[in-house]
Structure formats: C-alpha cells, structure tokens
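# Remarks on the overall topology
As a plain string of letters, each chain reads:
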Amino acid sequence: MTGGAVTGGAVGQNRPVSRLVGRLGGMVLVVWGAATVGFFALRLIPGDPVTVLVGLGSVSEQVREQIRADWGLADPLAVQYLFYLGRLVRGDLGTSYRMQQPVADLIGQQLAPTLQLMGLAMVFAVLLALAAALFGRGRRSTPFVGLLELVAVSAPTFWIGLVLITVFGFGLGWFPVVASGGFGALVLPAITLAIPTAGILGQVLRQGLDAAAILPFVDTVRARGASHTRLVLRHTLRHAAANSVTLTGYIAGSLLGGSVLVETVFARPGLGRVALNAITDRDIPVVLGIIVLAAVLFSVINLIVDLVADRLDPRMATAEAYS
Amino acid sequence: MSALTATKALAKRMPTPGRGATVGFWAAVVFLAALVLAALLPGLFTAADPVRTDIGAALLAPSPAHPFGTDQAGRDVFARVLYGSRYSLMIGFGATLIALVAGLMIGAIAGLSRRVGDGVLSRAIEIIMAFPEFLLALIVIAIIGPGETSLLVAVAIAVVPAYARVARVQTLVVKRAGYVEAARTLGVSPVLTVLRHIVPHTIGPLLVMATMGVGTAITAAAGLSFLGLGPKPPTPEWGLILSDGRNFLATAWWIAVFPGLVITATVVSTSTIGRHLRLRGAGRGAGATHRAGRRP
Amino acid sequence: MSVVSVRDLCVTLAGTTIVDGVSFSIEAGRCLGIVGESGAGKTVTARSLLGLAPAGAIVTATELSVAGVDARALTEAQWRAVRGARVGLVSQDALVSLDPLRRVGAEVIEPLAIHESGLGRVERQQRMLRLLEQVALPEPAVRARDYPHELSGGLRQRALIASALAATPALLVADEPTTALDATVQAQVIALLHDLKRQGLALLLISHDLNVIRALADDIAVMKDGRFVEVAPTAALLAAPQHPYTRELLAAAALDRAPESAPAGPVVLAARDLGRTYRTPGRFRGGTARQAVTGVSFDLLAGHTLGIVGESGSGKSTLARMLLGIEKPDSGVVLLHGEPWSALPESQRRARRGQIQLIHQDSVSAFDPRFTVLQILSEAIAVDGTPRRARRARAAALLQRVALPEALLPRRAHELSGGQRQRVAIARALARAPRVLVCDEPVSALDVSIQAQVLDLLGELQRETGLALVFISHDLAVVRALSHDILVMKDGVVVEQGGAAAVLDAPEHPFTRALLAAGPGPSSAGDTHPR
C-alpha cells in the first residue's frame, strides 16, 4: 500500500451488495471449473468413449446407442462439452449406465445418511475443540493437550474407527458395531470422523487465543478491571473464532473425504460408498456427478463462511480497499 | 517505543522450545531413522517372511516370537509392517518431492508473472483447493484407475496446489519486501534478484511444509489402499494390513491396532520435526517479519 | 491529597532491573510527564500503577498508594477492582488498543458493566453516549455503532479515552497517547487531555516526545535506564535543565537548526507536472480511481535538499517512488541530469540507477534477513563490476564513511540497533556513488537523540560530496533541519512550495500553519497550551 488509506464513505454504500455478487460469481466459477476439468480429464482416458462411460462390465448395444445420443458423441468435442454444460445447468447429472439409474437419484438417495454423519461429526468436533482450547491452556495442561491434538490429527481416520469399534463395540459393547439405522449407530462413526477435525480446529483455536492474548487491546481490557474469564469469552475467543471459521470449508471437505473411509469401516450406506463403488467400477457418469456436487457443496459452504466471517471480523468487509 | 519493549520481551520468551519439545524432536528423528533403515534392510529387524502363509500359526496373539501377533494366514504382522514401510515411505517421500518441485515452480511463476498470468494460475489453484486432498486423490484415481503407481501420482497431484499456493504467497510477500526494492534501486539485475533474494526465502517455508507433508502423504496413501485402490494383496502395505485386520476386530485386534500405531507414530514424527524446523526458521528469520516503526 | 504516591518503585524481570527506585506523586488536576527513550522503563512504571507489569516481573515499593488504596500487596482480584474504577489506561493506537472486533460503544460500556453492574441497559447506553460527548466525538449515537477501524485516528483515540474514563477513575495513565497520530490531530487530543486535567483528573503522561510532554505536564520526570535522572516543574526543567541527558533530549527535541546555505549547482533532478492515479481493483465494478499525486513540479540543485512534508496518505511515498523510477507516473516526467528518467524503459534505467538511491523508513525490511552487513554492502559494490577480492576493503571503507566500526561486517541487520541499521542503509546507497539520495522518513523509527546523529551524518555527507537530497517526513522539525527548499503536500496536492525560510517563517496556506502550530518549533518554545 503506497498512498495511504482510502477514506471510506462514498464507495462504502454499495460494497456489501457488489461483494455478494462477486462471491456468487466466484462460486459459479469454481463449479464451472470443476465440471470442466472433470469433463476433459475423463475424455483423456484412452479408449472408446462409450466403453469408458460404461465402466467395468458390459451393456447391450441398445444402451451403447443410448450413450452416444446422451453425450452427443457424433459431434465435435467442443459441442459435446457445451451440450454437457447445458445439461448441468438444467440440473441433469446424467445417467449411470452400470446402475441403470439417473445419477441424481443415485446420489440423492444416499445424501441423507452422509449429511447426518457429517453434521453430527461437525458438532462433536466443535465441542471437543472448544474444550481443548479453553481448558488446555494452563502451564500444566498445554503440553498434554498439545500431544493429544497432534495424535488426533496424525492418526488415520480409518484406524481410529477400527480402534473405537474394538474398544466400544466389541470390548465394552456400548454401541452397535454394524449400521442399524438408530442414533446409537451414528455415534461411533461421527466421533471417528470428528477426531481429526477436532485436532485441527483445536490447534487453530488455541493458536488464535494465544495470538490474541498478546495483542495490544488486551492491555486495555485488563486495565478496565476485566477478569480473565471475561477477557477470553468476550474478547479473545471471538478473535480466535474469526480466525477458525475460515477453516469451515476445508473441514467440510475433509469430512466429506473422510466419510468415504468411515462409511467403509462401519459398513454404512452413504455418498462415500456411492463414490467408492463408482471409482472401483469406473462408473464415470457417477464420478462426474460427485465432482460437480462436491464443488457446489464447497462453494455454498464457503459463501456462508465468508458472510459469517464478515460478521465476526468487521475489518474483513473493508479489507479489499486496503489490499 | 517503550510500549513495545514489554510485549517484545514477552514474545521473545514464548516460542523458545522447552526441554520436552527438544526431547520430542530427537525421539522423532530416531524413530524416523529406524523406519528408514527398516525400509532399506527389513531383514535386520526380523527373520520372519512377510508373505509366506502358515495356517497353523494363524491369529496368534502378540508374543516374544511374534511381537505384533500373526494374521489370519499366519503371517507375522511385525514383519509385514516392517516390509510395508518400504511402500509407505516411498510413496510418502516420492509424492511429497514431486509436489514440492511442481508446487514451487507453479507458485513462483504465478507470483512473479503479471496480473493476467497470476490471475489465471491462482484461480486454478483456488478451484482445485476447493476439494480436500483425500477427495482429490480419489478423483485422480477414478480417472487414471487404481494401482501402485496411481497411488503415488494421485497423492502427489492432490497436494500440489497446497505447495503452489504457499510458494505463490511467499513469492508475493518477498517480492514486495524492502530489500527486493532496494536491490532494484541499486541496479541489480532481475534474474539475480530472484535467485538471490526471492527463491531462498520461498524454499525455506516449503521445505518445512514438505517435512510435515510426508506424514500426510503416507496417511492418504494408506487410506486409499485401505479402500482397495492401491497395491493388491498379499503385498505387505500398511493400508492393506489394516484392511485385513478390519475383518478380525472381535477376535484378533492386534492385526489392525499395531500397524495403525506405527502409521500414527510416523505422522507424529514428521509433524514434530516439521514444527521444530518451523520454530527454528521463525527465530532465524525474525528480521523478515516486518515490525512497524513509530508511525504505522 | 495525592491521587497517586509512589516511593522506591523497583521492577525486575528475569534478573534484569527495569525500574530502579522511582518515586513520585500526582495530585488531582495535575499532570506528571515521564519522558525518555525506548527501553528507559517508562511503560513498566506506568503499568505498575495498574498491577499490569509484564508476566513474571517482581514489583516492590516502600509506598505504592493508588487512589487511596495501598497497592503493595493486592491480589489479582483486588487489582481488578482498582483497574478501570480508580485508574484508567489510554495507550498508543486505538486501532489496536480497542478490541477491533467490537463496536466502539460496546468498548466504552465494558468498564461500566464490570464496575457498576447495578446499571440497567438503558442507563449504560446513556452514560456511554454522554462519555462520547464529553470527549467531543461528533454524532455519538452514530459513532457508537462504528468499529474502531471505521473511525479516523483522532476520533478513535477519543473513543479510547472515553472508555478509560467510563468508570470515573481518579487517575488516568496515558502511555504515548498521541504517538500514532498526525501532527494536527495530535494537538486536538492533547487539548482534550488538558481539559480533562482541568476538570480534576490526575494524569500520568508517558511519551518519548518532549514536545507532547511539555504541552501537558505540570512536572516532568526524565527517565533513563530505569531511573529518574531529573524531576522538576515543567517551566524550570525547560529553562534550566540540570542533568546532561535532559539537555541532550532538549537539544534533540528542538532540532533548532537549519542547514548551511549551499552554493548554487546544476539541476540534478527535476519533476514536471507529475501525477499518479491508483485504481482500486474491482472484479465486477470497474474499480474506483484515486488521485495519489497531482501536478508536482520542482528543480533540485546539486548540494541542495528538498524537504517534502505531509501527513500520512498525502502522497509523499508515491512521489518518492516515482522519482526513483520504481513506479511510472501517469502524467508528467522526471528528469535526471536533464535527461529523461521516468520515461526510460527499465533495462536502460538500470544502468543509471546508481545515480539516484533510496533510504527507506523501515530499516528492518530494507535488508535481506539472511545477509550479513558485508554481503549487503558487497551486493551494492558488485553492481559496477568490482572484483570479489576488492569488495571487503570497499565495504570497510564505506562503514567508516558512516562512522561505523569494521567489526559490524559479519553481523546481520536484525542484530544491529535502529541507528546502526540506518547508517548501513546510507553506506549501501553511497556504494553506488549517487548524485541524489531520496530519504523516505529515514529517522521516524528512531529515538530523538539518534535522529539527530543520523541527520548530522546526512548533512555532513552533503557538504562533503555535493549530494542532492530529497528528504521526506511527516515531521516538520526534522525536515526543517536539513532542507533548503520545502514542499508541503496534502491529499496528493502541493499546497505550498518555496525556500525553507519563506515557507517556515511566512506560511501562506492554512494547512502549513496548522502543521507549524502542531509541532512546537522554536517559535512556540514557551509552555503555552494548545487550545
């Protein structure tokens, strides 16, 4: 920054709206980018495109004819691409020729269990992280909590799941070992998925609290006679949270990635299983559909996160003028 | 400015790693060194064969003869974990090295090029980074098909954007530093300036990141082969061993628990070493953090 | 009856004595100013009155009475009852001293919530608005809903003062309360503090800047290495300083000197109608344009100094970067030795860059942190093809030119003091044998006594080598010390330009007059209070 700060006011009025428009544009760009990269990457797979789109196994010549029509394979690549984009814009994710089912249906049926799992895992992760950050900052407990967080972040998700099953499922018998549909069956998978996330979130929160604790305003707050509890709850925790909330998109992503493993470990139905089956069976239309869906999911989450971050840290809203 | 002196004195005392941290660092170094040795010469540590089946010795609990017990085919789990370290370390180090070099190049090019070039590259990085690493690796495998080499490539591609982003940001920061401007006013040529001032400052943080990244890459690779997307059984590979163990949790917990412990210890070690390097690097480069003068 | 009374205050931290036997007392409606350079122990002294000495510090005193409380053996909980309610703290920059994530109103209310928990929501709100009115914040009801970064520096400093006063303390500790502010705003905040003092508040003022202290303090304590070397009523101390260190500070603060007149030389650097517009990038809205610099012209003669003075954001630094050819002007040209300079392509300019060099404000970031002083200087020496073996001797000679010992060659920049670093920066510039030296706030990060030394060095180099200087600063006193010609900038526009004597003695533009009035120079050396 060379010339000094822009004095606010005149430009400030329409900023929130144009920022929202900018972000929506960015969101469309991410989804479009993911869809495009996915499309061309799949077209790079050597071999007859029809065979590629079928995946493992064989289908009748009638279905092959159907595929050529669905994807406009007789047309040049550019036309195929535009055709594909046009379908996406209409919300049509295509058909799985292996499963003889529209991709949207395949995904839609399995969306609910995965979202339940991710949601509960998120709740557990936030609670665990907050507990670690607030109570793990004494002289005694810091090294211990730090080590705990390090192990939580480092241990492979699927191994955590296996250990939890061994101990709480087979050993103590507290929770059902196989998916039974009840809430009890959701607890172990959700904890499994939550532990690495809680480790990351806890570290970031703790670092945020430590970083905020040496900011100059802390002196001012203490000079007002504020207690330590007040200082943390009213002031520094908010700084730490504003810092951590930008991680939400990343966390949602890791939860979705992790659900592939957790659903396998616990033999649960869900999006992760759909994805894994599609990958092993090379069911390309489903793979493409999941890529697009994931892009939409992250974009929406990041949009929400951006808006929340603005409320938590008002400086963000004007930051663009200073960058 | 006396207001700063007090806080500065405090800040100076805080990040010095304590005795515990130093012990942890050396423990991590020793563990990793032993693991590398085991990967190179597994015969030094065990006489057992990791692949030969012996049904008579199936599902034996840990004992002095079989420290980690035996699996459903009577193979020694300890031997399988030792031989498996070769695959995991190769993928971990290999993928990280590829990602580091590719990331540095992409990031530096983005950071040094003008608006349009940087805009396109950083947008592309941003789009790819919207996907978490594990999901990205899954997608790459979906495209190129499962297998050992696929595993390496998939993990490498999945982490490249993270390195590229750090390299780009670091390049941008250093590019604007006073000393780069100073070199320009002195009349030092741009090529010399990049080599002398920008690259050394970019490579440091990337190396630290890579140290920690080895652990991430190992976990990701183990996860993928746990899902059956990597090498085929009976290859002694960490993810595969765990996948075997999944079917015997009720009767033979050791098949799954011990290999997982080794993976965790490996990742904890690389993280510990990485953090230690970062702390040391932060201390050395203290001059690089821009402290404001009396007037902001 | 003293509001605060301290005898033999000592503070040690990790075996080092930071405050060493300090005694003072302040009565209601009076102000004690503690002046000293960085590391003198001023801040720690002040914070001890709030029980906020740095963690791990040991505080002892034979008497430590704060607003009627014997504070020698207070527990943390007892201190909390004192802080805010009996002693308020105002520190340097409200941008960072107020919680940046909370609205100004909430920050002012917080002491009330802590100390007067009986108050209802509405009452607190009213008290807060009255406080903001008291510190003359315009439109208090609107401003209370702003965040600190949305207020200007002066206004948010007022808000910070309001929050310190909220729970009606008898003593206000003001630690560098105006340091981050521009000169004209500084004067307003000083006037506010002066009013508060007249209403009966006891004030402990901490500053490195003697000019701020003398505007407010009834008594002055000069602090050095943890001790009060001299304590006296303001008028007496200014008129007849006893301690040599006080005299040094006074001399440095007045900077009551002007450069020797220089012989007329050829024009080395000229600007013709320079202008630069910034476009804030906007993805979907085309961006907004902002004039950073408009229509600047001047001629700089060899051996002369052009002083450029203005507040932050006035376009000074942009102008400097255009002169150096780091940034291209949108309009106008820069001529070096009468030849095109700003219009050259970078590859041709590089060969001639040695003729015009830069001294940066931030002497820390001006050096690659991995480099030693020898490497820093060698880089500059090597540009003209000096062979490797001759570089060390050249480097040593350059250090000698700026009065630094050769022993510093193996050190890294962050191991040097601020003054030493700025000298190395000058040495590096001299390595290219420049004809023009552009100094962008070269001394603003330095203590006053060091400032004077660096300014002396620059003046000396100019006399010896006929170097032309472009000297940029927000501080009129500093500019005055070296400049033959002065150019006053405000919002990117030159509001006044001319010979130093003319501009300083008979300023025409109101802004120049405000600058002159705000920074007390020789003309306002008495202890008149700004109104």
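These numbers were taken from a predicted model, which means no experiment stands behind them.

## Some thoughts on the interface of chain B and chain A
On the chain A side, the residues contacting the 37 residues of chain B number 39 residues. In total, chain B and chain A occlude about 3,500 Å² of area from one another, counting both sides; carbon and sulfur atoms represent 81% of this. Our count for the chain B to chain A interface comes out at 0 salt bridges. Where chain B touches chain A, the interface holds 6 residue pairs in polar contact (both at pLDDT 80 or more). Contributions of two or more residues to the side of chain B that touches chain A are made by α4 (115-129), α5 (133-144), α8 (190-226) and α10 (254-284) of chain B. Looking at the side of chain B that touches chain A residue by residue, the class counts come to 26 nonpolar, 8 polar and 3 charged.

## Details of the packing of aromatic side chains
Under the criterion given, the structure shown has 12 aromatic pairs over all chains. On the numbers, 6.1 Å between centres and 35° between planes, the contact of Phe24 of chain C with Phe228 of chain C is tilted. Taken together, the residues span a long stretch of sequence, with Phe24 of chain C in strand β2 (residues 16-27) and Phe228 of chain C in strand β11 (residues 227-233) at a distance of 204 residues. By relative accessible area, Phe24 of chain C is classed as buried at 8%. Ring-pair connections join several aromatic residues into one group, and the members of that group are Phe39, Phe40, Trp71, Tyr81 and Tyr84 of chain A. For Lys224 of chain C, the ring lying beneath its charged end belongs to Tyr245 of chain C, and the centroid distance is 5.0 Å. The ring of Trp341 of chain C is capped by Arg349 of chain C, whose NZ or CZ atom sits 5.9 Å from the centre of that ring.

## A closer look at the nonpolar core
The biggest cluster of nonpolar side chains holds 129 residues, and the ones touching the most others in it are Ile67, Trp71 and Tyr84 of chain A together with Phe131, Leu138, Leu224 and Leu227 of chain B. Ignoring any residue separated from it by four or fewer positions in sequence, one finds Leu224 of chain B in contact with Phe134, Ala137, Leu138, Ile141, Leu151, Val155, Leu229 and Gly230 of chain B.

## Here's the deal with a nonpolar patch on the surface
Residue and element names in this part refer to chain B. On the surface, Val36, Leu37, Leu40, Leu41, Leu44, Phe45 and Phe93 cluster together into a nonpolar patch covering about 660 Å² of accessible area. Among the elements that make up the nonpolar patch, the one with the highest residue count is helix α2 (residues 19-40) (3 residues). Checked against the element boundaries, Phe45 lands in the loop between α2 and α3 (77-112).

## Re helix α10 (residues 228-245) of chain A
At Thr236 of chain A, α10 of chain A shows its maximal bend, which comes to roughly 40°. Taken together, the buried positions of α10 of chain A are Arg230, Leu231, Val232, His235, Thr236, Leu237, His239, Ala240, Ala242, Ser244 and Val245 of chain A. Looking at the packing, one finds that the buried side of α10 of chain A touches α5 (103-135), α8 (184-213), α9 (216-223), α11 (248-265) and α13 (284-312) of chain A together with α4 (104-115) of chain C.

## Remarks on the packing of α5 of chain A against helix α12 (residues 271-281) of chain A
Residue and element names in this part refer to chain A. In contact at an axis separation of 7 Å, α5 and α12 are set at 135° when each is read in the N-to-C sense. Taken together, the axis directions place α5 and α12 in an arrangement best described as oblique. On α12, the residues touching Leu106, Ile107, Gln110, Leu111 and Thr114 of α5 are Leu271, Gly272 and Val274.

## Observations concerning the pairing of strand β14 (residues 305-309) of chain C
All names here are of chain C. Among the 5 residues that make up β14, 5 are buried, leaving the element largely enclosed by the rest of the structure. By the alternation rule, side chains of β14 split into Thr305, Gly307 and Val309 and Leu306 and Ile308, which are all buried. Relative to strand β20 (residues 485-490), β14 runs parallel, the two sharing 4 bridges. Looking at the pairing, Val309 lines up with Val488 of β20.

## Some remarks on helix α7 (residues 178-186) of chain B
The element α7 of chain B is largely enclosed, with a buried count of 8 among its 9 residues. Of the residues one or two after α7 of chain B, Gly187 of chain B is the one with positive phi, at around 95°.

## Looking at the pairing of strand β9 (residues 202-207) of chain C
Regular strands place side chains that alternate from one sheet face to the opposite one. All names here are of chain C. Along β9, 6 of the 6 residues are buried, which leaves the element largely enclosed by surrounding structure. Neither face of β9 is open: one carries Ala202, Leu204 and Ile206, the other Leu203, Leu205 and Ser207, and all of them are buried. One ladder, built from 5 bridges, connects strand β3 (residues 31-35) with β9; its direction is parallel. Across the sheet, the residue bridging to Val35 is Ser207, located in β9. Here strand β8 (residues 171-175) pairs with β9 via 5 bridges, running parallel. Along β9, the bridge assignment pairs Asp175 with Ile206. A crossover connection joins β8 to the parallel β9 through helix α8 (residues 183-198); in handedness this β-α-β unit is right-handed.

What counts, and at which threshold
Residues numbered from 1 in each chain as written. Chains lettered and ligands numbered in written order. Predicted model: local features only at pLDDT ≥ 70, side-chain atom pairs only at ≥ 80, totals over all residues. Heavy atoms only, no water. Contact = heavy atoms within 4.5 Å. Buried area = accessible area lost by both parts, 1.4 Å probe. Salt bridge = Lys/Arg side-chain N within 4 Å of Asp/Glu carboxyl O. Polar contact = N/O pair within 3.5 Å; in protein donor to acceptor, adjacent residues only side chain to side chain. Helix = DSSP H or I, 4+ residues; strand = E, 2+ residues; numbered from the N terminus. Nonpolar A, V, L, I, M, F, W, Y, C, P; charged D, E, K, R; others polar. Phe/Tyr/Trp six-rings, centres within 6.5 Å; stacked < 30°, edge-to-face > 60°. Buried < 20%, exposed > 50% of the residue type's maximum accessible area, 1.4 Å probe, protein only. Lys NZ or Arg CZ within 6 Å of the ring centre and 35° of its normal. Core = buried A, V, L, I, M, F, W, Y, C linked by side-chain atoms within 4.5 Å. Patch = residues over 30% accessible without salt bridge, like charges linked within 9 Å, V, L, I, M, F, W, Y side chains within 5 Å. Areas by Shrake-Rupley, 256 points an atom, 1.4 Å probe, with all protein chains shown as cover. Bend = angle between axes of the 7 residues up to and from the residue. Axes fitted to C-alpha atoms, helices over the stretch in contact; angles between N-to-C directions. Parallel < 35°, antiparallel > 145°, perpendicular 65-115°, else oblique. Pairing = 2+ DSSP bridges. Right-handed = clockwise from strand over helix to strand, strands pointing away.

Remember, this is a structural readout, not a statement about activity or role.
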